[in-house]
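This is what each chain is made of:
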Amino acid sequence: MTASLTRRTTAARSRIAAVGAIAVVGALTLTACGDQTSSGTGSTKTQAGGSDAPLFDALPKKYQDAGEIKVGTDAAYAPMEYEEGGKIVGIDPDIAAALGKELGVNFVFTSGTFDGLISSLNTGRQDVVMSAMSDTKARQEGLDDKGKKTGEGVDFVDYFNSGVSLLVKKGNPQKITSLDDLCGKKVAVQRGTTYHDTFKAQAEKCKKDGKGTLTIEAFDTDAEAQTRVKSGGAVADLNDYPVAAHIAKTAGGGNDFEVVGDQTDAGPFGIAIDKDNAELRDALQKALNAIIKNGEYEKVLKKWDVTDSAVTEATINGGK
């Protein structure tokens, strides 16, 4: 998996690490099939209020007539989106449901492979992509990870900020508050991920600053790294913030881990829309600003314990 295909732009395997983390939290049925129709496995539909909705008139007529917006996602990234009981649930579907109430249409989520989501926009199979997708200049311009032009690109309505966060044993016995606090200690991480690279860079910094050796234990899965932290054999693991927050909330009934310190390397997740669909893009921006203002957006983030990832306004193409 190349960087251009991951949700986070700096990772070659960050999304794989997040999926591995689910093993510790509990068994979930995760499906990532190719472009499916909404009637297949891995589909869910929000419920909206129709033409009386505040922003119904802002939508292009085709969506007013259809009463729905088709959403491509890869439902294998708890808590952003995942399958539970045959339904796609998570932060993104909950935000979409709030948007749907403002726009008066249903958001119909269908799960497919992450690397095929943008092409599903280009072919018209999906209207938008909402899948914890990082808003980047490369995606806006249709460039691959080598800078080669592969398409026309997409526009983004940015709705969520995410960086990486430290996951430590509940109670934080080693009083870890930042990467610098790891010098002279042992950490655990999934091998080959961007988190592994972050720990390697921090190890070099610890050495350069003369603050002791940072020892890194790398495992095939993030679940193994979490087990190591839980047992006290390592002081911290590293993960995308929403994933780390979800693990802290759910593992051991919330008694195994906690998230500490500030997010680092933060960037926006965006709703992706075809560049020829500016009217829909602008309607989504208005709806996002509306739910930010009326508090529904905050309710969703509180439900999932990710309020640190909130945006204060809907921006278009804010990624770098």
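All residue numbers refer to position in the chain's written sequence, counted from 1. Local features are withheld for residues below a pLDDT of 70 in this predicted model, meaning they are given only at 70 or higher, and side-chain atom pairs are given and counted only at 80 or more; totals for whole chains, interfaces and linings count all residues. Hydrogens and water are ignored here; the side-chain numbers use all heavy atoms of the structure.

As a packed pair, helix 3 (residues 91-103) and helix 10 (residues 296-303) sit with axes 10 Å apart at the nearest point and diverge in direction by 160 degrees. Considering their axes alone, helix 3 and helix 10 lie roughly antiparallel with respect to each other. The way helix 3 lies across helix 10 gives a crossing that is right-handed. From helix 3, Ile91, Asp94, Ile95 and Ala98 reach across to helix 10, where they touch Glu296, Tyr297, Val300, Leu301 and Lys303. Only the contacting stretch of a helix is used when fitting its axis, a line to C-alpha atoms as for every element, and angles between N-to-C directions run 0 to 180 degrees. Secondary structure elements follow DSSP: runs of H or I no shorter than four residues count as helices, runs of E no shorter than two count as strands, and numbering proceeds from the N terminus. What sets the label is the angle itself: under 35 degrees gives roughly parallel, over 145 gives roughly antiparallel, 65 to 115 gives roughly perpendicular, and the rest give oblique. Crossing handedness: left-handed means the near helix sits turned counterclockwise from the far one by under a right angle, and right-handed means the same turn made clockwise. Should any heavy atoms of two residues lie within 4.5 Å, those residues are counted as being in contact.

This part is about the nonpolar core. In this structure, Ile95, Leu103 and Phe107 are the most contacted members of the largest nonpolar core, which totals 60 residues. Sequence-distant contacts of Ile95, that is, excluding residues within four places in its chain, are made with Met130, Tyr159, Ile291, Tyr297, Val300 and Leu301. We call a set of buried Ala, Val, Leu, Ile, Met, Phe, Trp, Tyr and Cys residues a nonpolar core when their side-chain atoms join them within 4.5 Å. With a 1.4 Å probe rolled over the protein chains alone, any residue whose accessible area is under 20% of its type maximum counts as buried; one over 50% counts as exposed, and the rest are partly exposed. In terms of nonpolar packing, the next biggest core, distinct from the first, is built from 18 residues, Val164, Leu166, Ile176 and Ala236 among them.

Turning to the confidence of the model for the protein chain, a few remarks are in order. Parts of the model with low pLDDT should not have their predicted coordinates read in detail. Every residue gets a pLDDT, meaning the predictor's confidence in that residue, from 0 to 100. In the predicted model, the protein chain carries a mean pLDDT of 87, and the fraction of residues at 70 or more is 85%. Ignoring residues within four places in sequence, the model shows residues 1-41, a span with pLDDT below 50, making 122 contacts including any to other chains.

Across the sheet, which stays open at both edges, the three strands sit in the order 3-4-5 with antiparallel pairing between neighbours. One side of each edge strand has no neighbouring strand; the edge strands of this open sheet are strand 3 (76-77) and strand 5 (87-89). Bridge analysis of strand 3 against strand 4 (residues 81-84) gives two bridges, and the strand direction is antiparallel. Note on strand 4: the bridge partner recorded for Ala76 is Tyr82. When DSSP finds two or more bridges between two strands, those strands count as paired.

The pairing of strand 9 (residues 186-190) with strand 10 (residues 215-219) spans five bridges and is classified as parallel. Its bridge partner lying in strand 10, Ala188 is registered against Glu217.

So, about the state of the cysteines. Disulfides are defined as cysteine sulfur pairs within 2.5 Å. A complete count under the given rule lists one disulfide for this structure. Cys183 shares a disulfide with Cys206; S-S distance 2.0 Å. An S-S torsion of about -80 degrees defines the bridge between Cys183 and Cys206 as left-handed. Of this pair, Cys183 sits in the loop between strand 8 (154-169) and strand 9 while Cys206 is found in helix 6 (residues 194-208), placing the two residues 23 residues apart along the sequence.

Classification of ring pairs rests on two measures: the distance between centres of Phe, Tyr or Trp rings, Trp counted by its six-membered ring, which must be within 6.5 Å, and the angle between planes, read as stacked under 30 degrees, edge-to-face over 60 and tilted in between. The final tally for this structure, using the stated rule, is three aromatic pairs. Plain terms: the ring middles of Tyr82 and Trp304 are 6.3 Å apart, the flat faces sit at 90 degrees to each other, and that makes the pair edge-to-face. Here Trp304 lies in the loop between helix 10 and strand 13 (315-316) and Tyr82 lies in strand 4, a separation of 222 residues in the sequence. With respect to burial, Tyr82 and Trp304 carry one shared label: buried. Geometrically, the ring pair formed by Tyr159 and Phe160 is tilted, given 6.4 Å between the ring centres and 45 degrees between the ring planes. The pair Tyr159 / Phe160 is uniform in exposure class, with both members buried. The structure contains a cluster of three or more aromatic residues connected by ring pairs, namely Tyr159, Phe160 and Phe269.

All right, on to the packing of helix 3 against helix 9 (residues 278-294) then. Here helix 3 crosses helix 9 at 105 degrees, and the two axes come no closer than 9 Å. In this view, helix 3 runs roughly perpendicular relative to helix 9, as classed from their interaxial angle. On helix 9, the residues touching Ile95, Ala98, Leu99, Glu102 and Leu103 of helix 3 are Ala283, Leu284, Ala287, Leu288, Ala290, Ile291 and Asn294. Here the residues of the contact of helix 3 with helix 9 are counted per class, giving ten nonpolar, one polar and one charged. Think of it as three bins: nonpolar holds Ala, Val, Leu, Ile, Met, Phe, Trp, Tyr, Cys and Pro, charged holds Asp, Glu, Lys and Arg, and polar takes everything else, Gly as well.

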